[in-house]
There are 2 protein chains.
Amino acid sequence: MNYTTQMDAAKKGITTKEMEIVAQKEKIDVNILKNLIANGKVVIPANKNHKSLNPEGIGEGLRTKINVNLGISKDCPNIEPEIEKVKKAIELKAEAIMDLSSFGKTEEFRKKIIELSPAMIGTVPIYDAVGFYDKELKDIKAKEFLDVVEKHAKDGVDFVTIHAGLTKRTCETFKKNKRLTNIVSRGGSLLFAWMELNNSENPFYEYYDELLDICEKYDVTLSLGDACRPGSINDSTDASQIEELIILGELTKRAWEKNVQVMIEGPGHMAINEIQANMLLEKKLCHGAPFYVLGPIVTDIAPGYDHITSAIGGTIAASSGADFLCYVTPAEHLRLPTLDDMKEGIIASKIAAHAADIAKGIKYAKDWDYEMSKARQNLDWEKMFKLCIDEEKARKFRNSSIPEHNDSCTMCGKMCSMRNMNKILEGKNINLLREDN
Amino acid sequence: MNYTTQMDAAKKGITTKEMEIVAQKEKIDVNILKNLIANGKVVIPANKNHKSLNPEGIGEGLRTKINVNLGISKDCPNIEPEIEKVKKAIELKAEAIMDLSSFGKTEEFRKKIIELSPAMIGTVPIYDAVGFYDKELKDIKAKEFLDVVEKHAKDGVDFVTIHAGLTKRTCETFKKNKRLTNIVSRGGSLLFAWMELNNSENPFYEYYDELLDICEKYDVTLSLGDACRPGSINDSTDASQIEELIILGELTKRAWEKNVQVMIEGPGHMAINEIQANMLLEKKLCHGAPFYVLGPIVTDIAPGYDHITSAIGGTIAASSGADFLCYVTPAEHLRLPTLDDMKEGIIASKIAAHAADIAKGIKYAKDWDYEMSKARQNLDWEKMFKLCIDEEKARKFRNSSIPEHNDSCTMCGKMCSMRNMNKILEGKNINLLREDN
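Throughout this description, residue numbers start from 1 for each chain and increase along the sequence as written. As a convention, the first chain written is A and the first ligand written is 1, with the rest following in written order. Where totals are concerned, whole chains, interfaces and linings use all residues; where local detail is concerned, this predicted model gives features only for residues with pLDDT of at least 70, and gives and counts side-chain atom pairs only at 80 or more. As a convention, hydrogens and water are excluded, and side-chain values are obtained from all of the structure's heavy atoms.

- As recorded by an unreviewed UniProt entry, chain A carries the name Phosphomethylpyrimidine synthase and is attributed to Tepidibacter thalassicus DSM 15285.
- Per UniProt, the comment on chain A under Sequence similarities (unreviewed entry) is "Belongs to the ThiC family." UniProt positions are given in the numbering used here, feature names are shortened, and annotations may be inferred rather than shown by experiment.

**Observations regarding the overall build of chain A**
Item 1. Under the scheme used here, helices are H or I runs from DSSP no shorter than 4 residues and strands are E runs no shorter than 2 residues, and both carry numbers assigned from the N terminus. Secondary structure summary: chain A contains 19 helices and ten strands in total.
Item 2. Here the globule rule is a power law, 2.2 Å times the number of residues to the power 0.38, and the radius of gyration is based on C-alpha atoms. For chain A, the C-alpha radius of gyration of 24 Å lies close to 22 Å, the compact-globule estimate for 437 residues.
Item 3. Each principal axis of the C-alpha distribution contributes one length, and for chain A these read about 85 × 50 × 40 Å.
Item 4. With a 1.4 Å probe rolled over the protein chains alone, any residue whose accessible area is under 20% of its type maximum counts as buried; one over 50% counts as exposed, and the rest are partly exposed. The buried share among the 437 residues of chain A stands at 66%.
Item 5. We call two residues in contact when some of their heavy atoms are within 4.5 Å. Of the contacts made within chain A by residues no fewer than 6 positions apart, 71% connect residues no fewer than 24 positions apart.
Item 6. Here chain A has roughly 15100 Å² of accessible surface; of this, 49% comes from carbon and sulfur atoms.
Item 7. Only four residue types enter the tally: Lys and Arg on the positive side, Asp and Glu on the negative side, with His and both chain ends excluded. For charged residues, the charge sits on one atom: NZ in Lys, CZ in Arg, CG in Asp, CD in Glu. Chain A carries 59 positive and 66 negative side-chain charges, and their two centres are separated by 3 Å. Methods summary: accessible areas were calculated by the Shrake-Rupley approach with a probe of 1.4 Å, and residue burial reflects only the protein chains presented.

**Focus: the interface of chain B and chain A**
Item 1. Every contact between the two is made by 110 residues of chain B and, on the other side, 110 residues of chain A.
Item 2. Here the quantity called buried area is the total loss of accessible area, with a 1.4 Å probe, experienced by two parts when brought into contact, counted for both. With both chains or domains summed, chain B and chain A bury close to 9400 Å², and 68% of this area falls on carbon and sulfur atoms.
Item 3. By convention in these notes, a salt bridge is any Lys or Arg side-chain nitrogen within 4 Å of a carboxyl oxygen on Asp or Glu. On the surface where chain B and chain A come into contact, there are zero salt bridges.
Item 4. What qualifies as a polar contact is a pair of N or O atoms within 3.5 Å, subject to a donor-acceptor requirement within protein and to the restriction that residues adjacent in sequence count only when both atoms come from side chains. The tally of links from chain B across to chain A stands at 27 residue pairs in polar contact (both at pLDDT 80 or more).
Item 5. Per element, the largest residue contribution to the side of chain B that touches chain A is ten residues, and it comes from helix α15 (residues 339–359) of chain B.
Item 6. Classifying every residue of the side of chain B that touches chain A gives 56 nonpolar, 30 polar and 24 charged. The nonpolar class holds Ala, Val, Leu, Ile, Met, Phe, Trp, Tyr, Cys and Pro. Asp, Glu, Lys and Arg form the charged class, and all remaining residues, Gly among them, are polar.

**Looking at the side chain of B:Arg229**
Item 1. With respect to the helices, strands and loops of the structure, B:Arg229 is situated in the loop between β7 (221–224) and α12 (239–257).
Item 2. What B:Arg229 contacts, discounting residues up to four positions off in sequence, is B:Arg179, B:Val184, B:Ser185, B:Arg186, B:Glu244, B:Gly266, B:Pro267, B:Gly268 and B:Leu294.

**Remarks on the relation of the copies chain B and chain A**
Item 1. Alignment of copies: least-squares fit on C-alpha atoms of residues with pLDDT of at least 70 in both copies. When chain B is brought onto chain A, the operation consists of a screw motion whose angular component is 180 degrees and whose axial shift is 0.0 Å, with 0.0 Å RMSD remaining. Each copy turns onto its partner about a two-fold axis. Measuring from the rotation axis to each C-alpha of chain B, the shortest distance belongs to B:Ile312, at 2.3 Å.
Item 2. Of the interface residues in chain B, 100% have counterparts in chain A that sit at the interface too, so the contact is made through matching surfaces.

**Concerning the sheet that holds strand β9 (residues 291–294) of chain B**
All names here are of chain B.
Item 1. Any two strands with at least two DSSP bridges between them are considered paired. The eight strands are arranged β3-β4-β5-β6-β7-β8-β9-β10 in a closed barrel whose pairing can be described as parallel. Each neighbouring strand pair of the sheet contributes to a mean axis angle of 25 degrees, computed without reference to strand direction.
Item 2. Relative to strand β6 (residues 159–162), strand β5 (residues 120–123) is paired through two bridges, and the arrangement is parallel. Within β6, the residue paired with Thr 123 across the bridge is Val 160.
Item 3. Where helix α13 (residues 272–285) meets the sheet, it contacts β8 (262–266) and β9, and its direction lies at approximately 145 degrees from that of β9. The angle between two axes is taken between their N-to-C directions and runs from 0 to 180 degrees, where each axis is a line fitted to C-alpha atoms and a helix contributes only its stretch in contact.

**Examining the pairing of strand β3 (residues 65–70) of chain B**
Residue and element names in this part refer to chain B.
Item 1. Burial of β3 is extensive: six of the six residues sit out of reach of the surface.
Item 2. Going residue by residue along β3, you find Lys 65, Asn 67 and Asn 69 tucked away on one face and Ile 66, Val 68 and Leu 70 tucked away on the opposite face as well.
Item 3. With three bridges connecting them, β3 and strand β10 (residues 324–326) associate as parallel partners. Bridge assignment links Asn 67 to a residue of β10, and that residue is Cys 326.
Item 4. Pairing of β3 with strand β4 (residues 96–99), which is carried by four bridges, proceeds in the parallel orientation. In the sheet register, Asn 69 faces β4, and the bridge partner there is Met 98.
Item 5. The handedness rule is simple: strands pointing away from the viewer, and a clockwise path from the first strand over the helix to the second, make the crossover right-handed. The handedness of the β3 to β4 crossover, carried by helix α4 (residues 79–91), is right-handed.

**Digging into the packing of helix α12 (residues 239–257) of chain A against helix α13 (residues 272–285) of chain A**
Packed helix pairs are characterised by how far apart their axes lie and by the angle those axes make with each other.
Residues and elements named next belong to chain A.
Item 1. Two elements in contact, α12 and α13, have axes whose closest approach is 9 Å; the angle formed by their N-to-C orientations is 30 degrees. Compared by their axis directions, α12 and α13 come out roughly parallel. From α12, Gln 241, Ile 242, Leu 245, Ile 246 and Gly 249 reach across to α13, where they touch Asn 278, Leu 281, Glu 282 and Leu 285.
Item 2. Looking at the contact of α12 with α13 residue by residue, the class counts come to five nonpolar, three polar and one charged. For this classification, under 35 degrees means roughly parallel, over 145 means roughly antiparallel, 65 to 115 means roughly perpendicular, and everything else is oblique.

**Some points on the UniProt feature "binding site: [4Fe-4S] cluster" (unreviewed entry) in chain A**
Item 1. The sites that carry the UniProt feature "binding site: [4Fe-4S] cluster" (unreviewed entry) are, in the present numbering, A:Cys409, A:Cys412 and A:Cys416.
Item 2. Take A:Cys409: it is sitting in the loop between α18 (391–399) and α19 (417–425).
Item 3. Sequence-distant contacts of A:Cys409, defined by excluding residues within four places in its chain, comprise A:Trp381, A:Arg398, A:Pro403, B:Asp75, B:His333, B:Leu334 and B:Arg335.
Item 4. Turning to its location among the elements, A:Cys416 is positioned in the loop between α18 and α19.
Item 5. When neighbours within four sequence positions are excluded, A:Cys416 is seen to be in contact with A:Leu379 and A:Ser408.

**Considerations on unusual backbone geometry**
Residues and elements named next belong to chain A.
Item 1. With an omega of -15 degrees, the peptide bond running from Gly 295 to Pro 296 counts as cis.
Item 2. Note that Pro 296 resides in the loop between β9 (291–294) and α14 (306–319).
Item 3. Backbone geometry at Asp 134 places phi at a positive 50 degrees, although glycine is not the residue there.
Item 4. Assignment of secondary structure puts Asp 134 in the loop between α6 (125–133) and α7 (142–155).
Item 5. A relative accessible area of 58% places Asp 134 in the exposed class.
Item 6. One non-glycine residue, Leu 379, lies in positive phi territory at about 55 degrees.
Item 7. Here Leu 379 lies in the loop between α16 (365–377) and α17 (381–387).

**A look at the packing of α13(A) against α14(A)**
Residue and element names in this part refer to chain A.
Item 1. Close contact between α13 and α14 brings their axes to 9 Å; oriented N to C, the two are set at 35 degrees. When you trace α13 past α14, the crossing you get is right-handed. Note on element contacts: α14 touches α13 through Ile 312, Gly 313, Ile 316 and Ala 317, opposite Ile 272, Ile 275 and Met 279.
Item 2. Residues belonging to the contact of α13 with α14 are distributed by class as follows: six nonpolar, one polar and no charged. Definitions for this section: a left-handed crossing has its near helix turned counterclockwise from the far helix by less than a right angle. A right-handed crossing has that turn clockwise.

**Notes on the sheet that holds β9(A)**
Residue and element names in this part refer to chain A.
Item 1. The strand order around the closed barrel built from eight strands is β3-β4-β5-β6-β7-β8-β9-β10, with neighbouring strands paired in parallel fashion. In this sheet, adjacent strand axes meet at a mean angle of 25 degrees when their direction is disregarded.
Item 2. Bridge count between strand β7 (residues 221–224) and strand β8 (residues 262–266): three bridges; the pairing is parallel. The residue of β8 that forms the bridge with Leu 224 is Ile 264.
Item 3. The strands touched by helix α4 (residues 79–91) within the sheet are β3 (65–70) and β4 (96–99), with β3 carrying the most contacts at an inclination of about 170 degrees.
Item 4. Relative to the sheet, helix α15 (residues 339–359) contacts β3 and β10 (324–326), its axis offset from that of β3 by approximately 160 degrees.

Here's what the structure looks like:
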C-alpha cells in the first residue's frame, strides 16, 4: 500500500476502497468525501487488522452515527452475555461498538468481537491497563500505558479513547474552579489519580508523538477523550471543560500532521440552552474535527430514563454539529445494562440521530418519514410495520389490542382521522354509529 | 362573587384564592401573576363547579405543565380501568387530565373524575356529540354542538378543546395546498366531515359568541384546537396550519373581550429545526396566549417510541415558548395506552417539561438537579432514590444488579469515578485490584 492512513491517502489523492464504500452509503461524491477526510472533517475508523469491518464515515455532511458500549467487568465477568450484546448491536445496525472491558479475559473478548463485527470497534485502553499488568494503577509506568494502546491497535481496534487533554495545567484549572461532581469520566478520573499519586504529567500527553506513531501504523483513529466533561447540569461549560477542549484542539493539529485521524469527545450533562454553543466551540477550537458526544443528558434527575434525557440532548447536539452519538441506556447511573436496556438505548439513539439528520438536511433522511406517513394515510399496516424503527415492538403493541375495524386502531376506532378523511375526500359519508364496512 | 372569570377578576384587580395558590406554587408575586392573567399570558383553568380542584397556572414565566389523555371508547368501554388511570395520573402529579371519552357512559365517567380529581379536567366536546344525541354526525344541528359544550361546562370541566379555527376559508386553503396526511386532528376531521356533508360553516365559528357566553358563565378556559396540525414531518408549517393559526389569533382577541381565558393548541409532527419558529409564530399571531402542544413528534418512523420522539420535541418547544405539554405514550399510532404506557408517557413528558424549565430559567428548577448530583457525588444512594423522577424504577434497577461494593454500582464497580475522585481529593490512594474497604 502506498499510504499509511485514510487521511494520508486522502491527502495524496488516493481513493481507498473504504472511501468508495462510504461514499456509496452516504450518496455523496467520493472526491468530496476525500477532501473532507484530507481536511480532518470526516474520519473513517478502519484499522488495517480489522478484516471483517464494513466501514462507515463520521463527520461533516454525513449521516449521524451511533455507538454502543459493552464489555466484561468484575461485576459481570462472563464473556457470553456480552457476545450476545455484540450480536444484538450488529442486528440493530449500530455503526460502532466500544468494548469497555476492564477485568478478566479482556484480550480473548476483544479479539473475538473484532473477528465477528462489521461495526467499527473502539476501546479505552486505560481501562484495560490494571488488568493487563496485574499491577495497581499507581505502579504502572508512563510508557506502559502506550504498550496497552499498541496491543489494542495490533488486535485491530478502529478507534481508541485517549484522555490526552487532561494535562497538569488542566488539573490546576480543575482545582481552582470547584465543581459539584469533580471528574466523572472514568478514564479521566483514573488518569487524574495516576498523575496525583505519581506527581507526573499525563503519560498520553507526555508521549503523544509515540502515541501518534502507533495510531499511524495501524490507522487507529484517535478519539480524544473529554476527561472534564460535566457530570451534572451544574458543572457544564465551565473552565475545566473549555480549557481541556483548547488542548484537544492543539492535539488535533499535531495528529493531523502525522496523518492520524481524530475525533473529539464531548459532554456529558448539560442544560439544553447550552448545547448549541458547545457544538460551535468544539467545531471552532478543534478545527472542524468530528464531534462524538455522550448524551448530552439534559437533566440529572431521571435515572431509569437516561436513554430519554440523552435522546433529547443528542438530537439537539447532532442537529447543531455533533456527528456521532454514544448511546445511553435506561440503566445509566444504576447498573450495567441488560440486553433489553441495550436495545432501548440503541433505539433511542437511532431516533435522536435520525431526527437530527432531518433537521440538518442530510439528503434522503426525510424519505423514510415520507414513506411511513404515506402508508399511515393509506391505512397500510403491513407497510407501516416494515418501516418502523422497531418492527417487533410495533407489531406486539398492535396485536395486543385488536380494534373493531381492522383498518383503524383502538386509539380512535371509527373516529380514526385517516379513515374518515379518506372517505370524505372521496365524497363518501361516514357513519360513526352504524356499520359502514 | 363580584367577577365572572379569573381574567375578569385580574382585570378588576381582584386577587382570587386560585391566584394566591398559583402564586405560592410558582414562587412569584401575586400581582405579577394577576397582571399576566389580565393580559391573557397566563390562564388558571378553574371551572366554578370543579370543587376538588387544586388550581395550576399555565403560561409565561411559569413552570411547564403536562396533560394526560384518557377516556372510554367503543374499543375500551369499561369505566374502571380508566378510573385507575386517573388515579395513577394524579399520583404521578400530572397537572391536567383530558377526558377524551367518545362512547358509552361518558357523563357518568366525566362526573366521577371531576369529583375525584385535584388535577384540572379538559374535554373535547365534539367527541361526545354523536353519543350524546345518538345521531350520526351529519344529522347533528349546529347549535346542538354548543349544548354539548354547555353540558360539559355545567359538569365542571376546566378547559375545552374547540376547533373554531377550521373555517370554510381554512378548508379552502387546505384543499388548495395538498398534504400528505390531510387533517389528522380527530376533532378537526370530524368537523371537516360535518362541514362538507352539510355544506355549512364551522358551528363553533358561526356561534362563537354563544360559545364565549358559556365559557364566561362557568369560567371554562377555551383551548383553541389546531385542526390543521401537521400529521407528518412532510406537512409541518404549511399554509393550512398557519392560516388556521391566524384565525385562532383573531378568536383569542374576541374571547379576551368577554374575559374568557384562552390557550392555543399546537403541533404535531415537526422536524426539530422548525420548532422554534413555530413557537414564535404562535406567540406573535396569538398575542402571547399560552401554547399547549401535542408533541411535537420529531420523526414519523418510531411507533412504540413516540413518548421519546415527543419528549425531544416537547423539550425544545417548551424551552422556546410552549407552556403546556400534552403527553404522548409509547402506544401512540398503535393502540389505546395501557396503565404502563401511560406511566412511561407521563414520566417522559415530565422530563421534557423539567429539562425545558432549566433552559428557560424557571426559578428553582435547577435546585432539583443540584441536590441529585450532590447526593451522587456523596454516593448517598438513599437520597438519590428519593430525588429520582421515578423512585420505584430506580430502586428496581439497582436491586436487580448488586455491586461488589455497595457504595458503587455494577456499571463501573471499583472504577467508579465518584468514589475514586473522593478518595484522591482527600489525599488517599485507590486500589483497583486489592480490597480497600
